[in-house]
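Okay, here's what each chain looks like letter by letter:
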Amino acid sequence: MEEARLISLENVHKQFDGVTVLSDINLYIRKKEFVTLLGPSGCGKTTTLRIIGGFETADSGRVLFDGQDISGLPPYKRRVNTVFQKYALFPHLNVRDNIAFGLKIKKTPKDEIARKVDKMLDLVNLQGYGKRSVDSLSGGQQQRIAIARALVNEPEVLLLDEPLGALDLKLRKEMQLELKAMQQRLGITFLYVTHDQEEALTMSDTIVVMRGGRILQIGTPKSIYDEPKNAFVADFIGESNIFKGTMIRDELVRFCGAEFPCVDEGFGEDAPVDVVVRPEDVLLVGEDVGQVTGVVKSVLFKGVHYEMMIDAGHSIWKVHATTMQPEGSRVGLSVVPFNIHIMRPMQEEQ
Amino acid sequence: MIRNLTLPWWAWILMGLCLCGFVALVVITVRRNRGMKRSLFAAPYTLWMILFTVLPVLLIAYYAFTDANGAFTLDNFRNFWDSNYESNKVILEVMGEDGAAYVTRGTVNVDTLVYSLWMAFQCTLICLILGYPAALFMADRHMKLGSTLVVLFIIPMWMNFLLRTIAWMSLLEDSGLINSFLKALGFNGVQLMYNSGAVLLGMVYNFLPFMVFPIYTVLNKMDYRLSEAAADLGCNGWQTLYKVTMPLSVPGVISGITMVFMPSVTTFFIPRVLGGGNTMMFGDLIESKFLTEGNWNVGSALSLIMMVLILISLSILRKADPNGEGGGIA
Ligand SMILES: Nc1ncnc2c1ncn2[C@@H]1O[C@H](COP(=O)(O)OP(=O)(O)O)[C@@H](O)[C@H]1O
Ligand SMILES: [Mg+2]
């Protein structure tokens, strides 16, 4: 679907003072899609966003918007708006004037500005806050103002840089749902940056996993969770047991001193691989029927499930289960073939 | 004698307008900063203040309100208003009613003050016009030359103020560097010194850093994302400057204006060196009262008037910039 691509990055490279920050970024965003850049701090998410917003220029590569190369366009000529990491609200303007800022620059008629700003205040649930100074608002409220200030311009794309980073957990969860609902209701394309995998999994249509200035994997939340391309992605997206193993032949892998049937093929014979098993996919069975056996080292109640660390001789397994096995007891561990993910070992960074 | 003492009417209007604008800026800033409090002075500092500030001020006040014999009098202030006051008094005593025809008010003191205010005003305006763009360049994240410019502004401040001024003399003199150069090229020499222009040049040169640094400090501390947010919302460079950068730099501008205006009004020495005695400013007048005439009482009265003016500016500065954001010089 070429024509549905709203933004494309093609072979984007960026260096700061001779240090490569982004290398070979290729990425496209469809209309009305919710795309999340996910990766640890310093991996280049903000820089990518700033290149799209026009605050940095790529050293090489192209940025296309609706098929047009916009690499040379200044920020104020781009049809995108940004919600900045620390909000960047104007301290000399009150809430209303902050939201109205973009419309005033565009010389929108006064009554239309008033109407649109009121609508935005409704949308972000801050009716009656118009005359307040922005410094007098809480983090969550400032956050909403920042979103309203961007959305009121009806941008085609909204860029959001860790917009919920400064909020506490409960508020963050609420805002995640609100933002997602808003995005669907308004039909705006969102490019969202976060280092929180859970946030990315809940909100996104597409997740772009980044590390060290490279894109590791692009896919739907489900495909990235279920079929991580390598150990880093597996580890970063949710909790995982990651073992070094050997692919004996198609559909049979050896790790932790035992052979496991699996569903993966095409790795060759006796090939070194990384094996990922999600903690919730490990079954606790009788000692005699387990594929491996181990001793329960610790038990932690996590609200919905118990998290047990099980020592299986050469390896430690993290297991999530709704029933608890007492510390020190011997248990058998079993994994169904479908839940074993085989990945090529990660090449180290050059 | 001293020239350039009468101001044209438009000068008064210009100064009045600018004063109104400045007061408006201050009021806005004070209202924005409402609720902030200055921390109390530390004890040693208070002691220092008493020893070296309060005591001299009390001493000056004592001299200003007494005559040569130490008796209370307001004559010193009358002397400020009418520099012929003493001689007029004698004329009236001697000639009685008939003397009224010979009595004229000596306006030299008041005129000198007005002239000083006018010079200080021009100097402040020029410093603002030159200093704001300089501060903008220095604080610009994308300008590689910014930090170099900061150093270039600081280096002359290491030199003594008298030396700096005398250095200008050797440039501007009739036989100075510039004129020698012009003559070497076959032009006629020009008289660059001994006029208000040269004095103004010396003042601007000396006081410009006091304008640049408060503004630079505020701009430098300003979150660059605010300008980016403005650009993101559709502002081009000028609009960003006008809508975001300038309003947010107002505390620095107020500091800068106050910090240039205060020393400008009290300027001395520069007029004598670069103005060649053709012009005299209030600072020179006070100096001459103390050192030339040895009249400490009138000198003190003039100083006190000056001090009231400065205190007013200082209190404005404190109110408008309660956190001392406008740089450490205040
Ligand atoms: N203006 C800059 N100058 C120099 N280095 C920078 C600049 N901006 C970002 N970097 C560096 O680029 C890397 C990526 O930064 P960033 O894109 O902010 O990462 P993220 O948002 O994923 O945490 C970091 O190592 C950071 O130090
Ligand atoms: Mg970042």
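Reading guide: rules and limits
In every chain, residue numbers begin from 1 and rise along the written sequence. Here every chain gets a letter starting at A, and every ligand a number starting at 1, in the order they are written. Note on the predicted model: pLDDT of at least 70 is required for a residue's local features to be given, and 80 or more for side-chain atom pairs to be given and counted; whole-chain, interface and lining totals, by contrast, use all residues. Neither water nor hydrogens contribute to the side-chain values; these are computed over all heavy atoms in the structure. Numbering of helices and strands runs from the N terminus; a helix is a DSSP stretch of H or I covering at least four residues, while a strand is a stretch of E covering at least two. Between buried and exposed lies partly exposed: a residue is buried under 20% and exposed over 50% of the maximum accessible area for its type, with that area taken using a 1.4 Å probe on protein chains only. In what follows, a contact means two residues having at least one pair of non-hydrogen atoms within 4.5 Å. Surface exposure here means Shrake-Rupley accessible area, sampled with a 1.4 Å probe, where a residue is shielded only by the protein chains that are shown. Here the positive residues are Lys and Arg and the negative ones are Asp and Glu; neither His nor the chain ends is included. By convention, charge coordinates are those of NZ in Lys, CZ in Arg, CG in Asp, or CD in Glu. We define buried area as the total accessible area lost by two parts upon association, computed with a 1.4 Å probe and summed across both. Whenever a carboxyl oxygen of Asp or Glu lies within 4 Å of a side-chain nitrogen of Lys or Arg, that contact is scored as a salt bridge. Every patch collects residues that have over 30% relative accessible area and no salt bridge, joining them within 9 Å if they carry like charges and within 5 Å if they are nonpolar side chains (Val, Leu, Ile, Met, Phe, Trp, Tyr). Two strands qualify as a pair provided that DSSP identifies no fewer than 2 bridges between them. Expected span, for any helix, means 1.5 Å times one less than how many residues it has. As used here, the arc belongs to the directions running from the helix axis to the C-beta atoms. By definition, pLDDT measures how confident the predictor is in each residue, and it falls between 0 and 100. Note: domain ranges come from an automatic or database domain assignment. We call two N or O atoms a polar contact when they sit within 3.5 Å, provided that within protein one can donate a hydrogen and the other can accept it, with sequence-adjacent residues counted only if both atoms are side-chain atoms. Nonpolar residues are Ala, Val, Leu, Ile, Met, Phe, Trp, Tyr, Cys and Pro. Charged residues are Asp, Glu, Lys and Arg, and all others, Gly as well, are polar. Here a residue counts as near a molecule or strand whenever at least one of its heavy atoms sits within 4 Å of it. Working definition of a nonpolar core: buried Ala, Val, Leu, Ile, Met, Phe, Trp, Tyr and Cys residues. They are joined through side-chain atoms within 4.5 Å.

1. Focus: the overall build of chain A
Phase 1: What chain A contains, in helices and strands, is eight helices and 20 strands.
Phase 2: Taken along its principal axes, the extent of the C-alpha atoms in chain A is 80 × 45 × 40 Å.
Phase 3: Residues classed as buried in chain A amount to 52% of the 350 residues present.
Phase 4: In chain A, the share of contacts with a sequence separation of at least 24, taken over all contacts with a separation of at least 6, comes to 65%.
Phase 5: Surface summary for chain A: the accessible area is close to 16,500 Å², and the carbon and sulfur share equals 50%.
Phase 6: Charge centroids of chain A, computed over 42 positive and 48 negative side chains, lie 9 Å from each other.

2. Details of the interface of chain B and chain A
Phase 1: Taken together, the contacts link 19 residues of chain B with 19 residues of chain A.
Phase 2: By the criterion of area lost to chain A, the three top residues of chain B are B:Glu228, B:Asp232 and B:Leu233, representing 36% of everything that side buries.
Phase 3: Inspection of the chain B/chain A interface yields one salt bridge.
Phase 4: Two residues, B:Glu228 and A:Arg50, come together in a salt bridge whose shortest N-O distance is 2.7 Å.
Phase 5: Sorting the residues of the side of chain B that touches chain A by element identifies helix H10 (224-232) and helix H11 (237-248) of chain B as the ones contributing at least two each.
Phase 6: A per-element tally of the side of chain B that touches chain A places H10(B) first, with eight residues.

3. Remarks on a negative patch on the surface
All names here are of chain A.
Phase 1: A surface patch of negative charge is lined by Asp250, Glu251, Glu265, Glu269 and Asp270.
Phase 2: Tracing the sequence through the fold places Asp250 in the loop between strand E11 (241-249) and strand E12 (252-255).
Phase 3: Judged by its relative accessible area of 39%, Asp250 is partly exposed.

4. Some remarks on the sheet that holds strand E1 (residues 5-16) of chain A
Residue and element names in this part refer to chain A.
Phase 1: Taken in spatial order, the four strands of this open sheet run E2-E1-E4-E5, and their pairing is antiparallel. One side of each edge strand has no neighbouring strand; the edge strands of this open sheet are strand E2 (19-30) and strand E5 (68-69).
Phase 2: Bridge count for E1 against strand E4 (residues 60-65) is five bridges, and the pairing is antiparallel. Counterpart to Glu10 in the pairing with E4 is Arg62.

5. Examining helix H7 (residues 161-172) of chain B
Residues and elements named next belong to chain B.
Phase 1: In this model, H7 (12 residues) spans 17 Å end to end at C-alpha, consistent with the 16 Å of a helix rising 1.5 Å per residue.
Phase 2: By the burial criterion, the buried members of H7 are Arg164, Thr165, Trp168 and Leu172. All buried residues of H7 project into a common sector of 95° when viewed along the axis, lining one side.

6. Side note on the confidence of the model for chain A
Phase 1: For chain A, mean pLDDT is 91; residues scoring 70 or higher make up 98% of the total.
Phase 2: Helix H8 (residues 231-236) of chain A is the least confidently modelled element of chain A, averaging 88 in pLDDT, while strand E3 (residues 34-38) of chain A averages 96, the highest of any element.

7. Regarding the domain arrangement of chain A
Residue and element names in this part refer to chain A.
Phase 1: Annotation of chain A at the domain level lists domain 1 (2-231) and domain 2 (244-344).
Phase 2: Centre-to-centre, using C-alpha coordinates, domain 1 lies 39 Å away from domain 2.
Phase 3: Taken together, the contact between domain 1 and domain 2 spans seven residues of the former and six residues of the latter.
Phase 4: For the pair domain 1 and domain 2, the two sides together bury roughly 540 Å², of which 51% comes from carbon and sulfur.
Phase 5: Taken together, the links from domain 1 to domain 2 amount to zero salt bridges.
Phase 6: Linking domain 1 to domain 2 there are three residue pairs in polar contact (both at pLDDT 80 or more).
Phase 7: The greatest single-element share of the side of domain 1 that touches domain 2, amounting to three residues, is contributed by helix H7 (residues 221-226).
Phase 8: For the side of domain 1 that touches domain 2, the class distribution of residues is four nonpolar, one polar and two charged.

8. Here we look at the pattern of salt bridges
Residue and element names in this part refer to chain A.
Phase 1: Applying the stated criterion across every chain, the model contains 30 salt bridges over all chains.
Phase 2: We note a salt bridge from Lys14 to Asp59, for which the minimum N-O separation is 3.9 Å. With a gap of 45 residues between them, Lys14 in strand E1 and Asp59 in the loop between helix H1 (45-53) and E4 connect regions that are remote in the sequence.
Phase 3: Look at Lys14 and you get buried, because its relative accessible area is 7%.
Phase 4: Among the ionic pairs, Asp196 bridges to Arg172, the shortest N-O distance being 3.8 Å. You can see Asp196 sitting in the loop between strand E8 (189-194) and helix H6 (197-203) and its partner Arg172 sitting in helix H5 (residues 169-186), a full 24 residues away along the chain.
Phase 5: By sharing partners, the salt bridges in this structure join Lys31, Asp66, Arg79 and Glu156 into a single network.

9. Some points on unusual backbone geometry
Residues and elements named next belong to chain A.
Phase 1: Even without glycine at this site, Lys107 takes up a positive phi of about 60°.
Phase 2: By relative accessible area, which is 68% here, Lys107 ends up exposed.
Phase 3: A positive phi angle, close to 55°, is found at Asp270, a residue other than glycine.
Phase 4: Relative to the helices and strands, Asp270 resides in the loop between strand E13 (258-261) and strand E14 (271-277).
Phase 5: Classification of Asp270 as exposed rests on a relative accessible area of 58%.

10. A word on the site of ligand 1
Residues and elements named next belong to chain A.
Phase 1: Close contacts around ligand 1 come from Phe16, Val21, Pro40, Ser41, Gly42, Cys43, Gly44, Lys45, Thr46 and Thr47, and that covers them all.
Phase 2: The contact in question runs from an oxygen atom of ligand 1 to an N or O atom on the side chain of Thr46, over 2.5 Å.
Phase 3: When the free accessible area of ligand 1 is taken as 560 Å², the share hidden by the protein chains comes to 60%.

11. Quick notes on the nonpolar core
Phase 1: Core analysis: the largest hydrophobic core is formed by 40 residues, its most contacted members being B:Cys123, B:Met203 and B:Leu274.
Phase 2: Elements supplying a minimum of two residues to this core: helix H1 (9-32), helix H5 (108-139), helix H6 (146-158), H7, helix H9 (196-221), helix H12 (250-265) and helix H13 (270-274) of chain B.
Phase 3: Once you skip the residues sitting within four places of it in the chain, B:Met203 turns out to touch B:Met119, B:Ala120, B:Cys123, B:Ser264, B:Thr267, B:Ile270 and B:Met281.
Phase 4: In this structure, A:Tyr87, A:Ala148, A:Ala150 and A:Leu158 belong to the second largest nonpolar core, which totals 34 residues.

12. Looking at the pairing of E4(A)
Residue and element names in this part refer to chain A.
Phase 1: Alignment of E4 against E5, held across two bridges, turns out to be antiparallel. Along E5, the bridge assignment pairs Leu64 with Asp69.
Phase 2: A loop of two residues connects E4 with E5, the two strands running antiparallel in sequence, and Asp66 in this loop sits at a positive phi of about 55°.

13. Side note on a nonpolar patch on the surface
Phase 1: A contiguous nonpolar patch, built from B:Leu47, B:Trp48, B:Ile50, B:Leu51, B:Phe52, B:Val54, B:Leu55 and B:Leu58 and spanning about 830 Å² of accessible area, is present on the exposed surface.
Phase 2: Here B:Leu58 is to be found in helix H2 (residues 43-64).

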